[in-house]
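Structural characterization, general
Residues per chain are reported as follows:
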Amino acid sequence: MSRLNPENLPAGLCLYGKEWHEGVVGILASRVKEIIHRPVIAFAPAQQQGTLKGSGRSIPGLHLRDALDAVATANPGLLSKFGGHAMAAGLSLELDKLDQFKVAFEKAVSELLSPKSLEKVVETDGELDDHELSLSNAELLSHRFPLGQGFPAPCFDGEFEVLKHRIVGERHLKLTLGLPGVSGIIDAIHFNVPVEALPNRITRVRGVYRLEVNEFRGQRNPQLLFEHLIPL
């Protein structure tokens, strides 16, 4: 299990884009929440001029509707309406009250969540030996289990020597990793990386990955699909 330290961000984050459509703010909040591990509320202009519609997504440990209720109780008249449940909620407020809401929301989240809850914990199924990173095991993991809601795909963690690396598709990191335990190599990929933050030369990495089958031009090979990756 690896623990990712929280960045220097507020406990609860509010986002607003005047060009955003209210139908996509829930998806936006969800994606940002996954990246920063903070409760996130995204706002877009509502049909009624001068008002905003927001959609929020939470993290374990914070009941989002309760947080909004705390904001409304402490600031009468701030919210036009709100509703939802533990992990998702919606709300409406006037545009000129957005800054006041940001402060009130961050305060409520800070009071309801402990600092430890804001640390993202990545749970894995441990490490695999070099000989276990095989096509047969990749096929076994890919096809023989009822993966989905409540049954997340197995993921593993490990440290690897990087033999080659390059950027493909503008923001995807493609790697060739050495497997000294079997005198072999294995391909790996990490999607949507912050390319500008990568060092020019990467010699070793540590990360959390899934073992999958990569099919290319009729060839089937094992591949590591990294979900979290740190150059060492």
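Preceding block: the structure.
Below or above, wherever it landed, is the structure these notes cover. (Residues numbered from 1 in each chain as written. Predicted model: local features only at pLDDT ≥ 70, side-chain atom pairs only at ≥ 80, totals over all residues. Heavy atoms only, no water.)

1. Observations concerning unusual backbone geometry
Its identity as a non-glycine residue notwithstanding, N192 has a phi of 55 degrees, on the positive side. By the element assignment, N192 lies in the loop between β10 (184-190) and β11 (204-216). With a phi close to 50 degrees, R217 is a non-glycine residue in the positive phi region. Structurally, the position occupied by R217 is in the loop between β11 and β12 (219-231). (Helix = DSSP H or I, 4+ residues; strand = E, 2+ residues; numbered from the N terminus.)

2. Quick word on the sheet that holds strand β9 (residues 172-179)
If you walk around this closed barrel you meet the five strands as β8-β9-β10-β12-β11, and the pairing is mixed. The average undirected angle you get between the axes of adjacent strands in this sheet is 45 degrees. Alignment of β9 against β10, held across seven bridges, turns out to be antiparallel. Counterpart to L175 in the pairing with β10 is A188. (Pairing = 2+ DSSP bridges. Axes fitted to C-alpha atoms, helices over the stretch in contact; angles between N-to-C directions.)

3. Overview of the side chain of T51
In this structure, T51 sits in strand β4 (residues 51-57). When residues no more than four places from it in sequence are discounted, the contact partners of T51 are A44, P45, A46, L93, E94 and L95. (Contact = heavy atoms within 4.5 Å.)

4. Quick notes on the sheet that holds strand β5 (residues 81-84)
On the basis of which strands lie adjacent, the open sheet formed by five strands has the order β2-β3-β4-β6-β5 and mixed pairing. Unpaired on one side and paired on the other, β2 (13-16) and β5 mark the two borders of the sheet. Strand-to-strand, the axes of this sheet are offset by a mean angle of 20 degrees, without reference to chain direction. Docked against the sheet, helix α3 (residues 98-112) engages β2, β3 (40-45), β4 and β6 (88-94), running at close to 160 degrees with respect to β2.

5. A few points about the side chain of S55
Among the structural elements, S55 can be located in strand β4. For S55, a relative accessible area of 13% corresponds to the buried category. Reaching out from S55, the side chain makes a polar contact with the side chain of R57 at a distance of 3.0 Å. Here S55 is in contact with V25, G26, A29, V40, I41, A42, A89 and G90, once residues within four sequence places are set aside. (Buried < 20%, exposed > 50% of the residue type's maximum accessible area, 1.4 Å probe, protein only. Polar contact = N/O pair within 3.5 Å; in protein donor to acceptor, adjacent residues only side chain to side chain.)

6. Some details on the environment of F101
Its location among the elements puts F101 in helix α3. Expressed as a C-alpha distance, the spacing of F101 and C14, which sit 87 residues apart in the sequence, is 8.7 Å. Not counting residues up to four positions away in its chain, the partners in contact with F101 are C14, I41, F43, L68, V71, L78, L79, L91 and L93.

7. Considering the environment of V182
Within the secondary structure layout, V182 lies in the loop between β9 and β10. Assessed through its relative accessible area of 40%, V182 is described here as partly exposed. V182 sits 53 residues away from D129 along the chain, and the two C-alpha atoms are 9.4 Å apart. Leave out the neighbours within four places in its chain, and V182 touches D130 and H131.

8. Structural notes on the pairing of β3
Each regular strand displays side chains that alternate between the two surfaces of the sheet. Taken across its six residues, β3 has five buried, putting it largely inside the fold. With four bridges connecting them, β2 and β3 associate as parallel partners. Residue pairing in the sheet places L13 in a bridge with V40 of β3. You can see the chain leave β2, run along helix α1 (residues 25-36) and come back into β3, and the turn it takes is right-handed. Summarising the sheet, β3 and β4 pair through six bridges and their orientation is antiparallel. (Right-handed = clockwise from strand over helix to strand, strands pointing away.)

9. Considering the packing of aromatic side chains
Inspection of every chain in the model, using the stated rule, returns six aromatic pairs. Geometrically, the ring pair formed by F156 and Y209 is tilted, given 6.0 Å between the ring centres and 40 degrees between the ring planes. You can see F156 sitting in strand β8 (residues 156-168) and its partner Y209 sitting in strand β11, a full 53 residues away along the chain. Across this residue pair, the class does not change: F156 and Y209 are buried. Arranged with centres 5.8 Å apart and planes meeting at 70 degrees, the rings of Y209 and F226 form a pair that is edge-to-face. Of this pair, Y209 sits in strand β11 while F226 sits in strand β12, and the two are 17 residues apart along the sequence. For the pair Y209 and F226, a shared accessibility class is recorded, and that class is buried. Of the aromatic side chains, those joined through ring pairs into one cluster are F156, F160, Y209 and F226. (Phe/Tyr/Trp six-rings, centres within 6.5 Å; stacked < 30°, edge-to-face > 60°.)

Spatial relationships are all this shows, so hold off on functional conclusions.
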